[in-house]
Number of protein chains: 4
Amino acid sequence: MPASYAYLGPEGTFTEIALRTLPEAATRELIPYVSVQSALDAVRAGEAEAAFVPIENSVEGGITTTLDELVAGTPLMIYREVLLSITFALLVRPGTKLSDIKTVSAHPAAQSQVRNWLRTHLPDADWESAASNADAARLVQEGRYDAAFAGEFAAARYGLEALETGIHDFPETAQTRFVLVGRPARPAAPTGADKTSVVLWQRDDHPGGLRDLLGEFATRGINLMLLQSRPTGAGIGNYCFCIDAEGHISDRRVAEALMGLKRICLEVRFLGSYPRADVRPGEAEPPRPGTSDAEFVAAADWVARCQDGRF
Amino acid sequence: MPASYAYLGPEGTFTEIALRTLPEAATRELIPYVSVQSALDAVRAGEAEAAFVPIENSVEGGITTTLDELVAGTPLMIYREVLLSITFALLVRPGTKLSDIKTVSAHPAAQSQVRNWLRTHLPDADWESAASNADAARLVQEGRYDAAFAGEFAAARYGLEALETGIHDFPETAQTRFVLVGRPARPAAPTGADKTSVVLWQRDDHPGGLRDLLGEFATRGINLMLLQSRPTGAGIGNYCFCIDAEGHISDRRVAEALMGLKRICLEVRFLGSYPRADVRPGEAEPPRPGTSDAEFVAAADWVARCQDGRF
Amino acid sequence: MPASYAYLGPEGTFTEIALRTLPEAATRELIPYVSVQSALDAVRAGEAEAAFVPIENSVEGGITTTLDELVAGTPLMIYREVLLSITFALLVRPGTKLSDIKTVSAHPAAQSQVRNWLRTHLPDADWESAASNADAARLVQEGRYDAAFAGEFAAARYGLEALETGIHDFPETAQTRFVLVGRPARPAAPTGADKTSVVLWQRDDHPGGLRDLLGEFATRGINLMLLQSRPTGAGIGNYCFCIDAEGHISDRRVAEALMGLKRICLEVRFLGSYPRADVRPGEAEPPRPGTSDAEFVAAADWVARCQDGRF
Amino acid sequence: MPASYAYLGPEGTFTEIALRTLPEAATRELIPYVSVQSALDAVRAGEAEAAFVPIENSVEGGITTTLDELVAGTPLMIYREVLLSITFALLVRPGTKLSDIKTVSAHPAAQSQVRNWLRTHLPDADWESAASNADAARLVQEGRYDAAFAGEFAAARYGLEALETGIHDFPETAQTRFVLVGRPARPAAPTGADKTSVVLWQRDDHPGGLRDLLGEFATRGINLMLLQSRPTGAGIGNYCFCIDAEGHISDRRVAEALMGLKRICLEVRFLGSYPRADVRPGEAEPPRPGTSDAEFVAAADWVARCQDGRF
């Protein structure tokens, strides 16, 4: 297996920064790809061991290109997640002053996070979209634009300096969630603070259908972190559901919930069980009374004894 | 183990008739007991192999003395059920005419089923309660009363004749359900048309508590045949629930429902899985889509493959 | 309207004691009847303003004769409930010593509550059933039996004395709940701690049917105090459900729950809304967030504004 | 009120075609805007009577820019929806042959729908993204590219001809759903086949929270057509839910469901009730038994009679 990770490039974006927070990234070759699709295709083709791509952010929600790639095609599996707080720096060529800036550039997704800052500090600057924030920085380096919104870390790479850092419009810092995706294999062992991702297709569409699917989680006290509908391709109004649920497929309550879904859904795609990035083991809320592994084991033992007439 | 069955006596009642419909009764000594409690105590004490007692009828509902005995004390288990249609004959000494009858007797429970008939045909007769219908017949034989309501089969035993048969007030024939109760052992194999009986005690009392218990059956497509609340002894308003559900504890959907109940209830008492008397194997409604044993097996296999990374 | 209350006699039983705890009883003539049915028929026939009968006790559960009378026939309504703690006195003719007692008598229902006491203190005494505890006391007065279990208050009426008082086998004192039943009229105003009684008949029998009925209460945060199944008369396994729920039909959450039941049930019979005897106004648990009257009113106002385009 | 409709421009796109299918569009001035946001702002500012924008398509799902605009800011309301089947024509300057084509252009969203066609028929052509399909056609007209994918209707406007029509990769024709959005006012009367749109914010996040919200629809037999989660801005994992449900806010079952949601949600935003574009009145599935307006009225009447003691 090639010791390389594909990631959504170019170099110098938030994705690369997030990837480098993973200890295992230090021992792999990290290869930028031009799109989520091409990075994941590299994994499917065996050219890369895994791919690192954004899947959700606090401003845009689920990232549909990534979800759609995971929903369809050859099955892949999520092994890790990383949360990264996104704040922007305003990068300029050394010596540029705020009053010199006539044009600013960044990826369009940045716009929603710096709009108010721009209105206040650079109301007359023209916005020019770039293919990525890193690309905007490069274009500033080349003199095409005056300033770029990008991660502060990009300054060094492009010989720029940060006129301002920590720019973000929302009261909460924006966060992006990235996942490390590989070919299916045995999930890592549960840590006590895990997340399980699945895609569900309903068997038929009737009042209460989705409520009943969610009931498989709810009756076992399993909280949901993400519910994102995606078109099935069978026409408008036909959706499947990408769901992130707390717990690990090795947890009995999660395993039984997945069994229930498998029985009542048209199809279920398992996307992996992996450690949560938002809480550490020991910090996760314990299972609701009646849903711990110990209680599942005790209940199964009791039923076995009843089946045997020993009680 | 003694080759005897205890039953609620005396001889010559509907209980004995029902018991004799069981093939295995032909090879046992059948011993009448004066009460449900004493018959079940004989089983608990090892004096009888099993006890045959009424548990439900279409006029009175669940028979609380039987249910309370099964709910409390040393655990017992139900192995068989028998349904018997109850219609009464009016038994008299040979030669008695309808116009001769001044007093009629029967067990008080018979009264609700012959009241209208009496009002029409013997409006002036006095009612005298007896300890059992068989006892009433005996008292007619002895000349104490003029007529008894009892099963037609009792006529021969007491040298009486039936002036009228098939007496029942309700449009539907009344039915009584009897059960054969023994000490816990491995239940008989599933027949495809089985019933499972349990007693449930709620962990705490809150809005939706009972709804959630019933949900363990409902989400697995399991129909209920009986839900009878019984006091727990912890004061007024504190109830446990005697439940008859379709299916056998060896059916996976039933086993998983019982596991769920075991986890969320304060206590569950298993009262047995046994063939249904109301439908024959092959006539029972098949499990709802998604709840057959084959689907449970397939879903468990799928989860196991996911846990292993092979899918 | 006749200023009289019918009650389940004879005089001197716990029923009369319970009835006399109602202030309004002081201004009515109190007339004993030989059965629950005859007392309720007196109300239906207009011979009595109301009838006072037991409906539930902590040992026997729902009292089926009373429930069956309320379930069927001309509709009646519950206006009040009374809770009475039941402990027995051992009544004897003056001068009788414990060692003199060879026979004891009481209503059969008392047996379950004095059995252990008898076993310990009078293991050799013979039990003789009486039609009521008051009747047992009368028979002791007449010299037929040596002792009667009855309410201590019965001693004076029958010229007996209490050898022992406060007899009750269960750790909790047994309680009986009585109701005052009249012809339908506007229920008393809500007190803040009320109870609503209904009878529900399912439209059809399917997995989840009863769960869905209970869901009408559960989703509105309404706790249940009693769920008692009673046969419908349509054959074994066919039940309706007598339910006591917290709250008053004037409470919006209760009214909406009843509307929901009315829509999905084959039939609903309203049995009344009346003050709870177990808690006083101010002590009842407040409605769960989202189900108070104020929240119902606010939500209805909001929908009305939306229907109007003003929001 | 200005007699003009804003729409997502430029002229000559599918949006304009869809808008012109509305009879009322014939009597309004139709003004293209550069973005969904600017079109909706024109309505909010009173510059336009309504705005016509895409909200969902069968390939991309919910269109998040439109949903986010409706979720936040000054409330708006949906009055109409239009469904348009999207198939592409390959537009070229007159005389161009397939073998002449070296470059093709279209809006990036078109790519997912013509990818396979391109691979088969023009495997060597270079793809150049344009700001809109209409813009791509203009650039072909100006000679910058050789061919554009656009609606067939755009050929005439730009002096081009269609080398091929009806291009769509998916077996089902892609469809886009557009809505006409205005300031809040009384919704149009129900037609018998209507849709209601709302946004829900959960009061708190707990296992079963979303299931309970959906239960307000499910228990009243209301089917859902869209469930799209959108970030609330309170950080990753915090979502509100855009829901399209069948029925009209004047339908009692819908009104009661909305009341229920209003009570248990942190916030509910009503986005309008309007005629469905996918089925005509008379074709919509009738309400499930127990949820028709007539049954709601009957149930409310019954509760009122019970409250009054007349039943």
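Residues numbered from 1 in each chain as written. Chains lettered and ligands numbered in written order. Predicted model: local features only at pLDDT ≥ 70, side-chain atom pairs only at ≥ 80, totals over all residues. Heavy atoms only, no water.

- As annotated in an unreviewed UniProt entry, chain A carries the name Prephenate dehydratase and is attributed to Streptomyces thermocoprophilus.
- Reading the Pathway (unreviewed entry) entry of the UniProt record for chain A gives the comment "Amino-acid biosynthesis; L-phenylalanine biosynthesis; phenylpyruvate from prephenate: step 1/1."
- Turning to chain A, the UniProt record has this under Catalytic activity (unreviewed entry): "prephenate + H(+) = 3-phenylpyruvate + CO2 + H2O". (UniProt positions renumbered as here; feature names shortened; annotations may be inferred.)

### Looking at the overall build of chain A
- Assigned secondary structure in chain A consists of 9 helices and 15 strands.
- Across its three principal directions, the C-alpha atoms of chain A cover 85 × 45 × 40 Å.
- A burial count over chain A gives 56% of its 311 residues as buried.
- Considering only contacts within chain A whose residues lie at least 6 apart along the sequence, 76% involve residues at least 24 apart.
- Just so you have it, chain A exposes about 12,200 Å², and 50% of that area is on carbon and sulfur atoms.
- When the 30 positive and 41 negative side-chain charges of chain A are each reduced to one mean point, those points stand 4 Å apart. (Helix = DSSP H or I, 4+ residues; strand = E, 2+ residues; numbered from the N terminus. Buried < 20%, exposed > 50% of the residue type's maximum accessible area, 1.4 Å probe, protein only. Contact = heavy atoms within 4.5 Å. Areas by Shrake-Rupley, 256 points an atom, 1.4 Å probe, with all protein chains shown as cover. Lys, Arg positive; Asp, Glu negative; His and termini not counted. Charge placed at Lys NZ, Arg CZ, Asp CG, Glu CD.)

### A closer look at unusual backbone geometry
- A cis amide bond, omega 5 degrees, links glycine 9 of chain B with the succeeding residue proline 10 of chain B.
- Tracing the sequence through the fold places proline 10 of chain B in the loop between strand E1 (4-8) and helix H1 (14-20).

### Examining the arrangement of the chains
- There is a clear gap between chain A and chain C: no contact, and 12 Å between their nearest C-alpha atoms.
- In this view chain B stays clear of chain D, with the nearest C-alpha atoms of the two still 12 Å from each other.

### Examining the interface of chain B and chain C
- Facing 42 residues of chain B, the contacting portion of chain C comprises 43 residues.
- For the chain B and chain C pair, buried surface summed over both sides reaches about 3,100 Å², with 55% attributable to carbon and sulfur atoms.
- Considering only the side of chain B, the residues that lose the most area to chain C are Pro207, Arg211 and Ile236 of chain B, jointly responsible for 21% of the buried surface there.
- Among the secondary structure elements, those contributing two or more residues to the side of chain B that touches chain C are strand E3 (50-57), strand E4 (61-62), strand E11 (174-182), helix H7 (209-218), strand E13 (224-231) and strand E14 (239-246) of chain B.
- In terms of residue count, E13 of chain B provides more of the side of chain B that touches chain C than any other element does, 8 residues in total.
- Classifying every residue of the side of chain B that touches chain C gives 16 nonpolar, 18 polar and 8 charged. (Buried area = accessible area lost by both parts, 1.4 Å probe. Nonpolar A, V, L, I, M, F, W, Y, C, P; charged D, E, K, R; others polar.)

### Description of the interface of chain D and chain A
- Across the boundary between the two partners, chain D contributes 42 residues, which contact 42 residues of chain A.
- Taking both sides of the interface into account, the surface hidden between chain D and chain A amounts to around 3,100 Å²; carbon and sulfur atoms contribute 55%.
- On the chain D side of the interface with chain A, the three residues burying the most area are Pro207, Arg211 and Ile236 of chain D, jointly 21% of the side's total.
- Here chain D is connected to chain A by 6 residue pairs in polar contact (both at pLDDT 80 or more). (Polar contact = N/O pair within 3.5 Å; in protein donor to acceptor, adjacent residues only side chain to side chain.)

### Details of the relation of the copies chain D and chain A
- With an axial shift of 0.0 Å and an RMSD of 0.1 Å, the rotation relating chain D to chain A amounts to 180 degrees. The relationship between the two copies is best expressed as a two-fold rotation axis. No C-alpha of chain D approaches the rotation axis more nearly than that of arginine 211 of chain D, which lies at 2.6 Å.
- A share of 100% of the interface residues of chain D reappears at the interface of chain A, consistent with the copies meeting face to face through the same patch. (Least-squares fit on C-alpha atoms with pLDDT ≥ 70 in both.)

### Thoughts on the UniProt feature "domain: ACT" (unreviewed entry) in chain A
- Residues given the UniProt feature "domain: ACT" (unreviewed entry) here are residues 198-275 of chain A.
- Split by type, residues 198-275 of chain A is 29% helix and 41% strand. Its first and last C-alpha atoms lie 15 Å apart.

### As for the sheet that holds strand E8 (residues 126-129) of chain B
Residue and element names in this part refer to chain B.
- Pairing in this open sheet of 5 strands is mixed, and the strands run E8-E7-E9-E6-E10 from one edge to the other. Since the sheet does not close on itself, it has two edges, and those belong to E8 and strand E10 (161-167), each with one partner. The sheet shows a mean angle of 25 degrees between the axes of neighbouring strands, taken without regard to direction.
- Looking at chain direction, strand E7 (residues 103-106) and strand E9 (residues 147-150) are connected through 2 bridges and run parallel. The residue of E9 that forms the bridge with valine 104 is alanine 147.
- Packing of helix H4 (residues 108-121) onto the sheet brings it into contact with strand E6 (88-92), E7, E8, E9 and E10, and relative to E8 it is tilted by some 165 degrees.
- With respect to the sheet, helix H5 (residues 133-141) is in contact with E6, E7 and E9, its orientation differing from that of E9 by roughly 155 degrees. (Pairing = 2+ DSSP bridges. Axes fitted to C-alpha atoms, helices over the stretch in contact; angles between N-to-C directions.)

### As for the side chain of glutamate 24 of chain C
- Relative to the assigned elements, glutamate 24 of chain C resides in the loop between helix H1 (14-19) and strand E2 (29-33).
- Setting aside chain neighbours within four positions, we find glutamate 24 of chain C in contact with Tyr5, Arg80 and Leu180 of chain C.

### What to know about the packing of helix H7 (residues 209-218) of chain C against helix H8 (residues 252-264) of chain C
All names here are of chain C.
- Close contact between H7 and H8 brings their axes to 8 Å; oriented N to C, the two are set at 160 degrees. Classed by the angle they form, the pair H7 and H8 counts as roughly antiparallel. With respect to the hand of their crossing, H7 and H8 are arranged in right-handed fashion. Judged by residue contacts, Asp212, Leu213, Glu216 and Phe217 of H7 engage Ala257, Gly260, Leu261 and Ile264 from H8.
- Split by residue class, the contact of H7 with H8 holds 5 nonpolar, 1 polar and 2 charged. (Parallel < 35°, antiparallel > 145°, perpendicular 65-115°, else oblique. Left-handed = near helix turned anticlockwise from the far one by under 90°.)

### Considerations on the sheet that holds strand E12 (residues 194-202) of chain B
Residues and elements named next belong to chain B.
- Strand order in this open sheet of 4 strands is E13-E14-E12-E15, and the pairing throughout is antiparallel. Because the sheet does not close on itself, it has two edges, and the strands there are E13 and strand E15 (265-275). Pairwise comparison of adjacent strand axes, ignoring direction, gives a mean angle of 15 degrees for this sheet.
- Note: E12 against E15, 9 bridges, orientation antiparallel. Looking at the pairing, leucine 200 lines up with valine 268 of E15.
- On top of the sheet, helix H8 (residues 252-264) reaches E12, E14 and E15; it is set at about 155 degrees to E15, its chief contact.

### Quick look at helix H3 (residues 64-71) of chain C
- When we look at burial in H3 of chain C, the residues that qualify are Thr66, Leu67, Glu69, Leu70 and Val71 of chain C.
- The positive-phi residue at the C-terminal boundary of H3 of chain C is glycine 73 of chain C, with phi of around 75 degrees.

### Some remarks on the packing of aromatic side chains
- Taken as a whole and judged by the stated rule, the model has 24 aromatic pairs over all chains.
- Consider the rings of phenylalanine 52 of chain A and phenylalanine 178 of chain A, whose centres lie 5.5 Å apart with planes at 15 degrees: the pair is stacked. Remark: phenylalanine 178 of chain A occurs in strand E11 (residues 174-182) and phenylalanine 52 of chain A occurs in strand E3 (residues 50-57); sequence separation between them is 126 residues.
- When its relative accessible area of 0% is taken as the criterion, phenylalanine 52 of chain A is described as buried.
- Between phenylalanine 14 of chain B and phenylalanine 88 of chain B, the aromatic rings sit 5.6 Å apart at their centres with planes inclined by 90 degrees, giving edge-to-face as the arrangement. (Phe/Tyr/Trp six-rings, centres within 6.5 Å; stacked < 30°, edge-to-face > 60°.)

### Describing the environment of glutamate 285 of chain B
- Tracing the backbone shows glutamate 285 of chain B in the loop between E15 and helix H9 (293-308).
- Each C-alpha atom of the pair glutamate 285 of chain B and threonine 165 of chain B lies 35 Å from the other, and the pair is 120 residues apart in sequence.

### Overview of the UniProt feature "domain: Prephenate dehydratase" (unreviewed entry) in chain A
- As annotated by UniProt and renumbered to match this structure, "domain: Prephenate dehydratase" (unreviewed entry) occupies residues 4-183 of chain A.
- Helix makes up 28% of residues 4-183 of chain A and strand 35%, with an end-to-end C-alpha separation of 13 Å.

### Some points on the pairing of strand E2 (residues 29-33) of chain D
Residue and element names in this part refer to chain D.
- Examined bridge by bridge, strand E1 (residues 4-8) and E2 share 5 bridges and lie parallel to one another. Looking at the pairing, serine 4 lines up with glutamate 29 of E2.
- The β-α-β motif built from E1, the intervening helix H1 (residues 14-19) and the parallel element E2 has right-handed crossover chirality. (Right-handed = clockwise from strand over helix to strand, strands pointing away.)

### Details of the pattern of salt bridges
All names here are of chain B.
- All told, the structure shown has 96 salt bridges over all chains when counted by the stated rule.
- With its nearest N and O atoms 3.5 Å apart, the salt bridge here joins arginine 157 to glutamate 16. Taken together, the residues arginine 157 in helix H6 (residues 154-158) and glutamate 16 in helix H1 connect sequence positions 141 residues apart. (Salt bridge = Lys/Arg side-chain N within 4 Å of Asp/Glu carboxyl O.)

### Some remarks on the relation of the copies chain B and chain C
- By a simple turn and slide, chain B fits onto chain C: the slide is 0.1 Å along the axis, the RMSD is 0.1 Å, and the turn is 180 degrees.
- Mapped onto chain C, 100% of the interface residues of chain B are again interface residues, and the two copies thus contact each other with one and the same surface.

### Focus on H7 of chain B
- Most of H7 of chain B sits out of view: 8 of its 10 residues are buried.
- Here H7 of chain B has its buried residues at Gly209, Leu210, Leu213, Leu214, Gly215, Glu216, Phe217 and Ala218 of chain B.

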